[in-house]
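Residue strings, one per chain:
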Amino acid sequence: MKMEKIENAEIHVDNRKLACSVYRGTEGERAIDIRKLRKETGLITYDPGFVNTGSCASKVTFIDGEKGILRYRGYDVADLAEKCEFVEVAYLLIHGSLPNAEQKAHYSRLLNEHSMIHEDMKEFFSHYPEHSHPMAILSAMVVSLSSFYPELNDGDKEDLAMTVTRMISKLRTIAAFSYKKSIGEPAVYPRHDLRYCENFLNMMFSSPVRKEPIDPVMTEALNKLLIIHADHEQNCSASVVRSVGSAGANLYASISAGICALWGPLHGGANQHVIEMLEEIYQEDGDVDKLIERAKNPRSPFRLMGFGHRVYKSYDPRAKIAKELCKKVIAATNKNDPLLDIALELEEKALADPYFQERNLYPNVDFYTGLTYRELGIPTNMFTVMFAIGRLPGWIAQWLEMKKDPDSRISRPRQIYTGPNARRVVPINERK
Ligand code: SDX
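Residues numbered from 1 in each chain as written. Predicted model: local features only at pLDDT ≥ 70, side-chain atom pairs only at ≥ 80, totals over all residues. Heavy atoms only, no water.

Overview of the packing of aromatic side chains
Part 1: Under the defined criterion, the tally for this structure stands at twelve aromatic pairs.
Part 2: Where Phe124 meets Phe148, the ring centres are 5.9 Å apart and the plane angle is 55 degrees; that geometry is what we call tilted. Placement of Phe124 in helix H5 (residues 119–125) and of Phe148 in helix H6 (residues 134–148) is noted, with a sequence separation of 24 residues between them.
Part 3: Where Phe177 meets Tyr189, the ring centres are 5.8 Å apart and the plane angle is 75 degrees; that geometry is what we call edge-to-face. Residue Phe177 is located in helix H7 (residues 157–182), and its partner Tyr189 is located in the loop between H7 and helix H8 (196–205); the two are separated by twelve residues in the primary sequence.
Part 4: Its relative accessible area of 4% is what places Phe177 among the buried residues.
Part 5: Classification of Tyr189 as partly exposed rests on a relative accessible area of 33%.
Part 6: Every member of this aromatic cluster is reached through a ring pair, and the members are Phe307, Tyr355, Phe356, Phe367 and Tyr368.
Part 7: A cation over a ring is seen here: Arg172 above Tyr196, with NZ or CZ 4.1 Å from the ring centre. (Phe/Tyr/Trp six-rings, centres within 6.5 Å; stacked < 30°, edge-to-face > 60°. Helix = DSSP H or I, 4+ residues; strand = E, 2+ residues; numbered from the N terminus. Buried < 20%, exposed > 50% of the residue type's maximum accessible area, 1.4 Å probe, protein only. Lys NZ or Arg CZ within 6 Å of the ring centre and 35° of its normal.)

If you want it as structure tokens, here you go:
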């Protein structure tokens, strides 16, 4: 992945000077190339959480955290959410350009063709305990796909394209089947006549005794929700997908690892915790101020879920879209959700509080999305599964880019050792 070299920097250490190249990306961000650092100076960098460390050059997604900008392959996320369907955005992320009408129709047919899972896989669901979290099931089922489609050969372009299509289509089916299992209803198969989002909602909510058509307001809302989740450059789970793939593991294994990383409450799991936090306020005394004080307490591990971001030090553009979408869906269903009122009050008070202002803490993508999933009838413990369905094309795009990047190497960070110096083993009968 070629970058533009603009100048040199010098690192002075032990009376020596190390000349390092400085590169610039297409949006002006710059990076110092330290690939020679340890070999030439014996030093490494120390950067827990990789706050200041670029792991790769990438053409997939651009984020400007200060200005609240998010673009997939150069297209603004709000523009895509307004004018495209999720399938088009998935195609864009993976292929690098938006599909024309013929390419979109072909892609939709392929996704439909590969939307079923092997009948033997359906049996897996009956062996999970009732209370199993759907993210655990999702990750296990995805890595199991490699057993049912062993011909995966990363080197073969056709094979890889088929694997990518299978994954995007089957993840949705696995998610719907796990939901049906959790409520004791029979699985509803994907239909050839329904498009991606409508098919998913039909698999989730239709049954032998419920045949209402899917409300187009819900289908449109799901399309937008999946689009705003589709990629986010080198976030925790995308870095895990790249890292696992860098070891030569196949795409199914890499995505399965990404699902596990996304499950964390500080990452994609936050959307579930936001609703649980809002419900706690609602069921207790509606006291938003008490919750804000708890979040500000340095001695408390509690964080205001759905607030703050490693990159956005301004309003997350996806939160803006999710907030408007939430209001639109609630208005369309004529149902007033008291949790939305609490969320709006919480946002207003937090944004007015110096603690949050000084730290540039704003609502992130997870603050309003759960409220909309609720309106779609999706249960809280499936919110992160929805995040994974949306993020899948982004993970795949990042993985494919890593595989093709000549600069890519197996991920293996260094460390500063602070343990005991060398010591000899004392025979057990002499140990105190
Ligand atoms: C996602 O990376 C991505 O792109 C992720 C994501 C994606 O699309 O892939 O955008 C999806 O994961 C969104 C984030 C969802 N997580 C949450 O909503 C959980 C709550 N947020 C925080 O845990 C936190 O903001 C993080 C994890 C999101 C970011 O953590 P950082 O960048 O490591 O920030 P930090 O913990 O160093 O915080 C800096 C300061 C600290 O205070 P001081 O020590 O300086 O006094 O801000 C405080 C933190 O205590 N802080 C918060 C807070 N978030 C940060 N205080 C209260 N509530 C919060 N939510």
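Side note on the domain arrangement of the chain
Part 1: Examined at the domain level, the chain breaks down into domain 1 (4–64) and domain 2 (77–413).
Part 2: Here the C-alpha centroids of domain 1 and domain 2 sit 32 Å apart.
Part 3: When domain 1 packs against domain 2, the two sides together hide about 1100 Å² of surface, and 57% of this comes from carbon and sulfur.
Part 4: Among the residues of domain 1 in contact with domain 2, Val60, Thr61 and Ile63 are the three that bury the most area, contributing 50% of the side total.
Part 5: Here domain 1 and domain 2 share one salt bridge between them.
Part 6: For the salt bridge of Asp407 with Arg35, the shortest nitrogen-to-oxygen distance reads 3.7 Å.
Part 7: For the pair domain 1 and domain 2, the number of links is four residue pairs in polar contact (both at pLDDT 80 or more).
Part 8: Across the side of domain 1 that touches domain 2, the residue classes tally to six nonpolar, four polar and three charged. (Domains from an automatic or database assignment. Buried area = accessible area lost by both parts, 1.4 Å probe. Salt bridge = Lys/Arg side-chain N within 4 Å of Asp/Glu carboxyl O. Polar contact = N/O pair within 3.5 Å; in protein donor to acceptor, adjacent residues only side chain to side chain. Nonpolar A, V, L, I, M, F, W, Y, C, P; charged D, E, K, R; others polar.)

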